[in-house]
Amino acid sequence: MIGITEDRERAIRAVVRQAIVSFADGFASKRIAEADHVDGVINRKIHNVFIASLSADIQYYSALSRSLDSSLGNMLERMAINIASMGYEVTQQVDGVIYQGQTDYIAELLERYQNTRGDNHIAPHISDYQGMGSRQSGAQHHKPHKSDYHLIDRATGMHYLIELKIGGDLDTKKARSEKEALLEQYCILANSLGSEDAIKIFFATAYNKYGEGQPWKQHQVCQFFADDELLISRDFWNLICKSDNGYDIVLGEYRANAHVITEALARIKQVYMSE
């Protein structure tokens, strides 16, 4: 990656700013409109009698935080797609043929990752699946496959297949299924392109729950993904922005406009905690 032009930086900052304003307005409007409805998002979660026994503030914030966390994650995902669209061709699907020999090998590989006490256990490496495109044996299956991000860099010809979990939390079952989905997409794309040379797969997070710059150590992720397959926080935003300064640009603009969300939350609180 390289530096970024002033025009591209301004455009990224505009996307971040607009995403925050739209999110704040939409989130506040929805939550306020639901205030008198028993099945509103906050009202559905506010009747935990064990939380209510602590204090009204804790009761309210406990209900609000779960809704905010989910909605904010969705906003960040959409924002990342909009930013990526400035430098990549972006799709969210890989469509094509996968061979039975490839799906069998994927299943075998995942079992070796998961079976930590077995004689055949291995730690994940990128080399484990390189060459999988040549395993074109057995029946062919046409399979459209949903992808969080399929980024195509037309300048270099590279294809990036990314599964994004905002905070990175995965249980063992989900970690295995996420790697399986990426490997199937890898095979489908390799079969379509006729080569694996321009394909990379990644597991990504929007922030590092262990602290920016700290090593990623969630066992369930590391059991199935090699270090070179991780795009954690800064690395994710830098790739999305096609700039070594992408993370700093996005986070800087977010912090500069975060007060808009804070003000929206204050409006919501005034409605729910007015008494």
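Above this text is the structure in question.
Structure report, in brief. Every value quoted in this text rests on a predicted model; they were computed, and no experiment measured them.

Quick notes on the rules
- Residues numbered from 1 in each chain as written.
- Predicted model: local features only at pLDDT ≥ 70, side-chain atom pairs only at ≥ 80, totals over all residues.
- Heavy atoms only, no water.
- Salt bridge = Lys/Arg side-chain N within 4 Å of Asp/Glu carboxyl O.
- Helix = DSSP H or I, 4+ residues; strand = E, 2+ residues; numbered from the N terminus.
- Buried < 20%, exposed > 50% of the residue type's maximum accessible area, 1.4 Å probe, protein only.
- Expected span 1.5 Å × (residues − 1).
- Pairing = 2+ DSSP bridges.
- Axes fitted to C-alpha atoms, helices over the stretch in contact; angles between N-to-C directions.
- Parallel < 35°, antiparallel > 145°, perpendicular 65-115°, else oblique.
- Left-handed = near helix turned anticlockwise from the far one by under 90°.
- Contact = heavy atoms within 4.5 Å.
- Nonpolar A, V, L, I, M, F, W, Y, C, P; charged D, E, K, R; others polar.
- Core = buried A, V, L, I, M, F, W, Y, C linked by side-chain atoms within 4.5 Å.
- 1 Å grid on protein atoms, 1.4 Å probe; cavity = no way out; pocket = protein on both sides within 12 Å on 5 of 7 lines; lining within 4 Å.
- Points joined across faces, edges and corners; volume = space filled by probe spheres on them.

1. A closer look at the pattern of salt bridges
So, step 1. Counted under the stated rule, the structure contains 15 salt bridges.
So, step 2. Of the charged contacts, one joins Arg17 and Glu253 as a salt bridge, the two residues approaching to 2.7 Å between their closest N and O atoms. Here the residue Arg17 occupies a position in helix 1 (residues 6-33), and Glu253 occupies one in helix 9 (residues 246-272), the gap between them amounting to 236 residues.
So, step 3. The class of Arg17 is partly exposed, set by a relative accessible area of 35%.

2. Re unusual backbone geometry
So, step 1. Although it is not a glycine, Ser233 sits at a positive phi angle of roughly 55°.
So, step 2. Note that Ser233 resides in the loop between strand 5 (230-232) and helix 8 (234-241).
So, step 3. One non-glycine residue with positive phi stands out, namely Lys242, at about 55°.
So, step 4. Along the polypeptide, Lys242 turns up in the loop between helix 8 and helix 9.
So, step 5. Residue classification places Lys242 among the partly exposed positions, given a relative accessible area of 23%.

3. Brief notes about helix 6 (residues 172-193)
So, step 1. Between the first and last C-alpha of helix 6 there are 32 Å, a value that for 22 residues agrees with the 32 Å anticipated at 1.5 Å per step.
So, step 2. Following helix 6 by one or two positions, Gly194 adopts a phi angle in the positive range, close to 80°.

4. With respect to the pairing of strand 2 (residues 140-153)
So, step 1. When strand 1 (residues 89-99) meets strand 2, the two strands line up antiparallel, connected through ten bridges. Note on strand 2: the bridge partner recorded for Glu89 is Ile152.
So, step 2. Bridge analysis of strand 2 against strand 3 (residues 158-164) gives five bridges, and the strand direction is antiparallel. Within the sheet, the bridge partner assigned to Ile152 lies in strand 3 and is His159.
So, step 3. In textbook terms, the turn of a hairpin is the stretch between consecutive antiparallel strands, and for strand 2 and strand 3 this stretch comprises four residues, one of which, Gly157, has a positive phi near 85°.

5. A closer look at the packing of helix 5 (residues 100-114) against helix 6
So, step 1. Contact pair helix 5 / helix 6: the axes reach a minimum separation of 10 Å and the direction vectors enclose 150°. In terms of their interaxial angle, helix 5 and helix 6 are classed as roughly antiparallel. At the point where helix 5 passes helix 6, the crossing takes the right-handed sense. Across from Gln102, Ile106, Ala107, Leu109, Leu110, Glu111, Tyr113 and Gln114 in helix 5, the residues of helix 6 making contact are Thr172, Arg176, Lys179, Glu180, Leu183, Glu184, Cys187 and Asn191.
So, step 2. Each residue belonging to the contact of helix 5 with helix 6 can be placed in one class, and the counts come to seven nonpolar, four polar and five charged.

6. Re the nonpolar core
Nonpolar side chains in soluble globular proteins tend to end up buried together.
So, step 1. Membership of the largest hydrophobic core comes to 46 residues, with the highest contact counts inside it found for Met79, Ile83, Ile162, Phe236 and Trp237.
So, step 2. Taken together, the elements giving at least two residues each to this core come down to helix 1, helix 4 (56-84), strand 2, strand 3, strand 4 (199-205), helix 8 and helix 9.
So, step 3. With ten residues, the top contributor of residues to this core is helix 4.
So, step 4. Once you skip the residues sitting within four places of it in the chain, Phe236 turns out to touch Ala80, Tyr149, Ile162, Leu164, Ala204, Thr205, Ala206 and Leu231.
So, step 5. Grouped together as the second largest cluster of nonpolar side chains are 28 residues, Val94, Ile201, Phe225 and Ile232 included.

7. Brief notes about the layout of surface pockets
So, step 1. By volume, the largest pocket amounts to about 500 Å³.
So, step 2. Taken together, 19 residues make up the lining of the largest pocket; nearest its centre are Leu72, Leu76, Ile166, Ala206 and Tyr207.
So, step 3. Within the residue set of the lining of the largest pocket, elements represented by two or more residues are helix 4 and helix 9.
So, step 4. The dominant element in the lining of the largest pocket, judged by the number of residues it contributes, is helix 4, at eight residues.
So, step 5. Of the residues in the lining of the largest pocket, the class split is eleven nonpolar, five polar and three charged.
So, step 6. As a volume, the second largest pocket reaches approximately 190 Å³.
So, step 7. Around the second largest pocket sit 14 residues that line it, and Ile126, Tyr129, Gln130, Ile199 and Lys200 are the ones nearest its centre.
So, step 8. Element by element, the count of residues in the lining of the second largest pocket is highest for strand 4, at four residues.
So, step 9. Classifying every residue of the lining of the second largest pocket gives seven nonpolar, two polar and five charged.

It is worth stressing that arrangement in space is one thing and function is another; only the former is reported here.
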